[in-house]
Structures are given as C-alpha cells and as structure tokens.
Amino acid sequence: MAELSAKDTFSRKRLRADSLWLTMPGLVYMALLLILPAGALIWQSFIEPKSGALDLTVYRQMFSAGVYVKVLANTFAISAQVTIVCLLVGYPIAVWLAGMPERRRRMAMWLVLLPFWVSPLLKNFAWIVLLARKGIVAQMLTGMGFDTQLDLLYGRGAVIFGMAHAMLPLAILTMLPTMLSIDGRLIPAAMTMGASRSQSFWRIFVPLSMPGVAAAGLLIFVMGLGFFITPALLGSPRETVIGQMMITQVQQLFNLRLGGALATLLLAVTLITIAVYDRFFGMSAVSGNSAAARRGGVIGAIGSALIEIGAFVSDFIASLFPARLGRRVFTTFVWIVIAILIVPVLAFPPMAFSGSSFLEFPPKSFSLRWFQTYLSSDQWMGATARSAVVAIVTGVVATIISGMAAYGLARTQSKAGGLIFLSFMLPMIVPNIVIGVSLFYVLAKIGLIATNTGIILGHTLSAMPIVFVILLTTFRSFDWRLLQAAGTLGANGWQQIRLVLLPLIKGGAIAAFLFGLLHSFEELTIALFVGAGVKQTLPKQMWDDIILSISPTLAAASVFIVAVVTVLFVIAEKARPR
Amino acid sequence: MRNASDPITTKGTTFDMSAASANTPEIKLQVNGLAKLYGQTTALDHVDLEVRTGELLTLLGPSGSGKTTLLQLICGLQEPTSGTVIIDGKDQTHAPVNKRDIGVVFQNYALFPHMTVAENVGFALKMRRLPKAVIDAKVANALETVGLAHAASRSPSQLSGGQQQRVALARCLVYDPAIILMDEPLGALDAKLREAMQIEIKRIHRETGATIIFVTHDQQEALALSDRICLMNDGKIAQLGTPRQMYDEPQNLFVADFIGISSIIRGTVRAGALETAIGTLPIAGEGPADGTKGAIVVRPEVITLGEGFCEGRVRETVYGGSELRVIIDAGKQEIIARAPAQAGDVAVGSMVRFGWAPDTARFLADKG
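No experiment lies behind these values; they were computed from the predicted model shown.

Caption draft 1: Examining the nonpolar core more closely. Counting 151 residues, the largest nonpolar core has M167(A), V437(A) and V467(A) as the members making the most contacts within it. Here this core spans two domains, since at least three of its residues come from each of domain 1 (64-183 + 209-285 + 331-347) and domain 2 (370-578) of chain A. Those residues in contact with V437(A) that lie beyond four places of it in its chain are L41(A), M246(A), V250(A), G259(A), A263(A) and F529(A). By size, the runner-up hydrophobic cluster in this structure holds 97 residues, among which are L60(B), V146(B), I180(B) and A238(B).

Caption draft 2: Quick look at the domain arrangement of chain A. All names here are of chain A. As far as domains go, chain A holds domain 1 (64-183 + 209-285 + 331-347) and domain 2 (370-578). Centre-to-centre, using C-alpha coordinates, domain 1 lies 22 Å away from domain 2. Counting from both sides, the interface comprises 26 residues of domain 1 and, opposite them, 27 residues of domain 2. Going through the elements one at a time, helix 5 (102-117), helix 6 (120-130), helix 10 (197-226), helix 11 (229-234), helix 12 (242-252) and helix 13 (256-281) are the ones with two or more residues in the side of domain 1 that touches domain 2.

Caption draft 3: Here's a closer look at the interface of chain B and chain A. On the side of chain A, 19 residues touch chain B, which itself brings 19 residues to the contact. Broken down by secondary-structure element, the contributors of at least two residues to the side of chain B that touches chain A are strand 6 (102-105) and helix 3 (117-127) of chain B. The residue inventory of the side of chain B that touches chain A, partitioned by class, reads 13 nonpolar, 5 polar and 1 charged.

Caption draft 4: Layout of the environment of S209(A). Residues and elements named next belong to chain A. By the element assignment, S209 lies in helix 10. Taking the C-alpha atoms as reference, S209 lies 8.8 Å from S181; in sequence the two are 28 residues apart. Those residues in contact with S209, other than ones at most four positions away along the chain, are M175, T178, M179 and I182.

Caption draft 5: Local environment of the packing of helix 4 (residues 66-98) of chain A against helix 10 of chain A. Residue and element names in this part refer to chain A. Where helix 4 contacts helix 10, the two axes come as close as 8 Å, and the packing angle between them is 145°. When you trace helix 4 past helix 10, the crossing you get is right-handed. Contacts from T75, I78, S79, A80, V82, T83, C86, L87, G90 and Y91 of helix 4 reach helix 10 at V213, A216, G217, I220, F221, G224 and L225. When its residues are assigned to classes, the contact of helix 4 with helix 10 shows 11 nonpolar, 6 polar and no charged.

Caption draft 6: Inspection of the sheet that holds strand 14 (residues 293-298) of chain B at higher detail. All names here are of chain B. In spatial order, the strands read 13-12-11-14-19; together these 5 strands make up an open sheet with antiparallel pairing. With one partner strand each, in any of the chains shown, strand 13 (279-282) and strand 19 (362-365) form the two edges of the open sheet. Adjacent strand axes in the sheet meet at a mean angle of 40°, parallel and antiparallel pairs treated alike. For strand 11 (residues 263-270) and strand 12 (residues 273-276), the ladder comprises 4 bridges, and the chain directions are antiparallel. Each bridged residue has a counterpart across the sheet, and for V269 the counterpart in strand 12 is L274.

Caption draft 7: Up close: the environment of W543(A). All names here are of chain A. With respect to the secondary-structure elements, W543 resides in helix 25 (residues 538-548). A count of 21 C-beta atoms within 10 Å places W543 in the buried class. Along the chain, W543 and I272 lie 271 residues apart, while their C-alpha atoms are 31 Å from each other. When sequence neighbours within four positions are dropped, the list of residues in contact with W543 reads L121, L524 and L528.

Caption draft 8: Structural detail: unusual backbone geometry. All names here are of chain B. Unlike most non-glycine residues, Y109 shows phi in positive territory, near 75°. With respect to the secondary-structure elements, Y109 resides in the loop between strand 6 and helix 3. You can call Y109 buried: it has 22 C-beta atoms within 10 Å.

Caption draft 9: Molecular detail of the pairing of strand 2 (residues 41-52) of chain B. Residue and element names in this part refer to chain B. Taken together, the 8 bridges between strand 1 (residues 27-38) and strand 2 define a ladder with antiparallel strand orientation. By the bridge assignment, Q30 is partnered in strand 2 with E50. Adjacent in sequence and paired antiparallel, strand 1 and strand 2 are bridged by 2 residues, among which G39 carries a positive phi angle near 60°.

Analysis parameters
Residues numbered from 1 in each chain as written. Chains lettered and ligands numbered in written order. Predicted model: local features only at pLDDT ≥ 70, side-chain atom pairs only at ≥ 80, totals over all residues. Core = buried A, V, L, I, M, F, W, Y, C linked by C-beta atoms within 7 Å. Buried ≥ 20, exposed ≤ 12 C-beta atoms within 10 Å, placed from the backbone. Domains from an automatic or database assignment. Contact = placed C-beta atoms within 7 Å. Helix = DSSP H or I, 4+ residues; strand = E, 2+ residues; numbered from the N terminus. Nonpolar A, V, L, I, M, F, W, Y, C, P; charged D, E, K, R; others polar. Axes fitted to C-alpha atoms, helices over the stretch in contact; angles between N-to-C directions. Left-handed = near helix turned anticlockwise from the far one by under 90°. Pairing = 2+ DSSP bridges.

In structure tokens form, the structure reads like this:
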C-alpha cells in the first residue's frame, strides 16, 4: 500500500509540472490578440502620432462635446434599465424551471436555450417586422382599443424591450444553477417550523438565490454597456450608445484615436463595474462555486429589509386570495414570457415564404421567391459559404487551444489556476466591440484586415470563453483515477488516452466544438470591423441589409440560420455531459 | 417504559414539558388506516399506530418499507390516500405542514446556510412572532442543552457533522413541538460519532420529555435508542414492541431475520418436532399441528459448540474482538454460532457438533 501511494503522489507531482504549460498556447493567444491590441489601441489614443508625445486632445474633445457625455449617460441608463428588466422578468422564469422535476426541466429548458442561441441580430430583426407601424402587434393593440397611430419602434421603450429580450435567456441561465444548488429540503424544513409558503420562499429561497441574481446582473450590465445592435435597429438617434459612436468614428470617420478613447472609456467603465461588484458580492458568485457568503453592511441591510417587506406583502396578498389564484397568475406570467421569447424565432418561416415584395407578418400569400433570391444571389451565397468555413475553422482552433488549456487547468493544483481561468474569461469581460476595434487597428498593420484569417483569429478569441468553460467542466468531471486504473491494468500512456480518456470526454468535446462553431456563425461585431466591408460574413451581410433596405431575402437567410443553429445546438446539447 | 405521569428529570432550566404533559392525553399521535399509493404501487398499506406522550419510538425497516412515507404523512409533507393523523386528539390529516406543531430533524439536517447557528435555531420562534428577547433567551437555552452555546454566531458550514446534528436537534427542541420526527439523522456520521450522538439523543430525550419518532434502517441503532420499535416491511407494520420483545419474541420470520443475527432452519412439523434437512429439531412448549410449515429460529449466543444433536463443517470464522463468530455449513443449511474469542481452536474445515436448549429457540410458522 505504501508503495502504491508513494507512486501516486509522485505521478501527481510530475503531472503538476507537466500540465500548466498546456495553458500556454491559449494564454499567448490572449496576450497577442486581446491584451496587446487593446493596449495598443488605448496607447495610441493618448499619443500624438507625429511627435509621439503625450496628448489628451481626443479626451478633451470627448468630454467637452456634450454629445459624448450624453451618449455615455445613455449607455449607462439603457444598460441599467435592461439589467433590471432582465432580473425582474427572468427571476420568476428561473424559479419556475428550478421548481420542476429534473426530466420536465430538461424539456422546458429548450424553451430558454433556443432563444439563447439565436443571435440578438436575428431576434431584433424579427421585432422590426412584428412591431412595425402596421405590424401585427400594433394591429392587435389597435383592436384592443388603443390609439390607431401606435409608434412601437424607434424609441427608448423599444430599445429596452429588444435588448432585454435578447439578453433574458442569458439572465435565466445564469440565475438557474444557484437556484438548483439550493438544498430542496430547506423549504419543507422551514415549513415544519411554522413558516408559511411565502415566508419560506422569501426567507430561505430568495436569499440563497441572490449570488446567481448578482452574477446575472453583472453579466447583463457589462454586456449591455458594449451592446449596439438593438439601439441601432430599434432605437432613434436619441438612444445612441457608445458602441454606435465607435462604429461611426472607426468605420466612417476613420478617427481611430477617438475610437480608441471611446474604447478606453468603455473598458474603464466595465472594469470599474466589475471591481464594485467584486467589492460587494465577490467574484466567486460568477464562477458559480459560492458558498452563500453572509454579507454585512449596506447590501446586507437593504437585502434583509427587502426580504421582510417581500415576506410581509406576499403573506398579506396570500391571505386575501386563494393560493390557486396566485399559482395561476404565476403560470400565466411564465408562459407569456416564454411565448415572447420564442415568437420571433417562430416568425421567420412565415415571413420568408411570403409572396409579398415587402416583409410582413402574417404573410398574405405563399411563395418561394425569396428563397430563390437568397440562393441565386452571389453576395448572399458568398457570405454564407464564408461564414460556414470561418465557423468550422474557428470551432476546431478554439477547441484545440481551449482543450489543451482546460486539460492543463483541470489537472493542476497550482494557485495560478484561478488567474488562468480568469484570463480565459477575458474575451467575455472585454466588450466585443472593443475587441473588434482593437483587432481592426492591429490587424490592419500586419495586412490581416479584410481577410478570412483575420476574422477566424478574432472569432476564435471571442469563442474561447464558452468553449473553454464547457471543456473545463468536462475535464473536471472526469475521474482521473480511471487512467491510473487503466495503467495498473497494463495500458500505456497512449492507450490510456485513446481507450479511456477520449471516449469519456467525447461528448464534451463535440459540444464545445459545436458551440464554438455556432458562436462564430452568428458573430457580428468582430466581423463588422475585421471584415472591413470586403469579406462579408452572413451576419454582417444581414446587418448591412437591415440598415440599408429591409427585404424578405433577410427572412429567408434568417430561416437558414435558425435552422442551422437549431440543428447544431440540439446535437451539442445532447452531446454535452452533465 | 415511561409514561406521562412519571416525574421527568430536568437538569437546570430546560423545557417545561412536565406541566404540559400533565393535561395532555397519554396518546400523543394516533394514526388510523393510513395509506399512500403512488399510482399502482402501495408505499403505505393501511397502517395503525399509536405513539405515547414522551416516548421514543423508532420506525425501523429496510429501504422501501414505507417508514419514510409514514414519517412524511405524519409531518404533512405528503397527503395520504386514505386514513387519518391525529395529534394531541386533533385531526391533522389535512393540516398544512406549517400548522401542525411538529419538529423535523432532516436526514442531512437541512440547516439554512445563510443564517448563523442562533438564527437557525431561532427561525421557528421568529415565525411564531415571539418578541426578540424571548427568542434570544430560548435560543441560548436550547444551544446550552445541546452543548453548543459557544457556536451561536457561527455559520453552519463552519461546524462538524456532529455539531450540525446538534444544531438541527436544538432547532426542534427550542419551540417545543408536539412531536419531533427524526429522519435517519445519524446516517451521515461515522460509527464512533454515531454512538456518541445516540447517547446524546437519549439524554436529551430524557431531560426534555419530548415525544420522538426516529426513523432508521439500522437495527442496532433502533435497539439502542428506542422505548419501542415499530418494524415495517412492505408498507405494513411487521411488529411493534420494546427492543427486548423484538429480539426475544419475534412474531414472524421477517422480524427474526431483520433484528439481530439468527439461523433460520426451515421444515415441516411432525409429532411436535420440526423435520428439517439437518435432522428433526425439538420445538419448545406445545407443538403446532402436524404438517405446519415453518422454521426454527436460533440466535448465535444460545448455540453450544462441541456437543449437540446436529453436525456441520466450519466454513468460516470471523474474529470480532470480544467474540468469534463461527459459520457452519450443515448440508445446505447455514448456521451462525458464537464462541468466546479466547477459544480460538475452531479450525476452518473441521467437523463440529452443535446444538441448543430447545426453549432458547423459537418456532415460527410461515405466513398464510
């Protein structure tokens, strides 16, 4: 026995030295394509290009012109409002999912996961049609006796609605794991001690679910800061946000210094938000392994006050109405939200098969003409083919790099592990638009702008977090003693990997590859900058068409994308280990 | 067996149960014809049970025997298909969990991770809207009883398994519920701690006079703790009695097999003795009618080795510290006997004679 355990610790020690270097390719990738470009972009915004001296003109220009300050305030306000809407609407949905038996939840999850994987671009595009002046929603509202001249689109309301709609699935999926980790016996335990149903919900379930809510709030807010698709598509000029400003500065005015200054500002705001969040909630809530830390201070006091009020109010309401009514209201709310999540996805096929020469829902006639237009257009087909190739290569590269890193990280006990994990999450923390602009700036210098390679490099970077997380979960759940067992049974190193490791991680690897592929297939921001209007990807082609002239061809392309996404995502979800 | 009129020893200031028990009926809990069906499967089959005030009754049985279902029906976490649950003379069959005045110690304690030990213990009192000063005093008192006064402001995750167990117990004791239900509360503890907690529970039970229903699948635990044991099998009560009755006078083969170790030798009754594969065995007292099928049940400690009316080959010996267990093959029949550990000279593979005094074994007829 002693011999065996000595050998055991020996091999573990050797592996520790072995495994961390496997994260190096990924870290180098991050350094070269994220930190270096972003740093360069920020640096040049402070430097006067001819003399090389420190120069703050662009910052002075930015803060003195009222428009930038207003845009910054806009960005903040929109992001905060979207965050609140997502949390308030998403929380009941997550509670609903958490309360289901496992098998039914797996089914119900599709209702959230499908909208999650359809890109914001597509979802917002659908709302342009559905919420149009004479669109179906306006007609329904008019039918219910509202004003006949309803302007649902192009305003603050539409932007908040569209953005919250795009991000709600993410909010739900972030809140759910914390809720599921709550011990199911705590509520019955509270009730045996005399707590009513609403008392035990407010005093036990709500406080324990808060780490997930805080994490979701952070994610949505940070993503919201860099979000530009919805304000551009569903907003009026009054809803202009930093992201749009950056596009204008970089793509139309070629003012990279001001673009860089805006990126600096956006990044600074993001990092400050994260720092403040960390101060109050701790980062552990985001990575999902929090042990429900107790909080004192302001947040704790506010929290317990809210809980007291919530418990009191819901007890009061419960005493007025029968419990069944409350449950019915809850269920109705849940299904309305789910319907709103799914509707835009389901609205594409009818729009695409329309015979009309403009987009309408519901369609008045049936034809295949828009599919023919889509399939016979060189521009659309070229974009589709490029997106397919880029997505596949991105999936492969991201899976290999992240796979090595995830293996290395899963097998290390080094303290650097946490830091390395955070490094791989960086592309999620740094707003996509900052990544896009900085890649635009750096890749232009080495001739990779407007090339497929450039787009692949950028997409691999932004696909890395999700691919990495899936692979890390896979490797973490793998029982490494199985390899030792195979070794004692006579398998050599390669046989251990081929016969034991690979078959068991296959599902996770396939899922990681497909999710990386999907991410690239639907990515707009990086393609917008790195493609530089020359190398069009499918989402970029759609973006241009939506901005210039909306035609039913878009709906045909959307149907194609949704079909691809649905099929791949179903395969990936089935393959993913739990 | 203690009953309600016995004086209850209380150490220091504990719980004022004696005053309450003076005017409570002797029967604390009455379960009549309680049944629970899940679709076609019967989890609980019309069970009748009475629990006396102040007693510690264990629900014992293999998994799937219905003991946990019975517990959940008593505390109201499930609705019965039929039957009634009467607590303190009041029909509580359909009362919601939070109105039943029961306390539950859950399997893995179900302590609230976001509250301190004191907040956990005080939760039920807070739900009953007691003034804060009263809550504080009662919580301190309860923590004192379980010996955790020093840990009041800690979080449950900072405590060891045994300490968490005590907090769960204190959380029930503090609001003095009519009945305390414990669902395999010692299952997660290691053997040593388990034994210590058993003694602890016995002490707290004695000091507080609480009525406790204790669910376990461990017959040793049941024998050690209980005033009475209710052994369940297939959703029915197999036997209800004191630990001694269960061990010495099992009423059917299931009970004999489940409680303690026994050798069960099957056969058919002929002329007041049992004809079995290992010979005709004597039946004590007046024998059952000829042709009755059944078995002789013999406990290991009554079997004498070296002499007797049977013979077999020693298959295995198991050393257990204070004793040596000897497993004998008599034909296809397995016999488990016990020898003093010092004996030491029982060789595996050797033939050995064995027997027992007829009145130390029990004949039990097959069911039906």
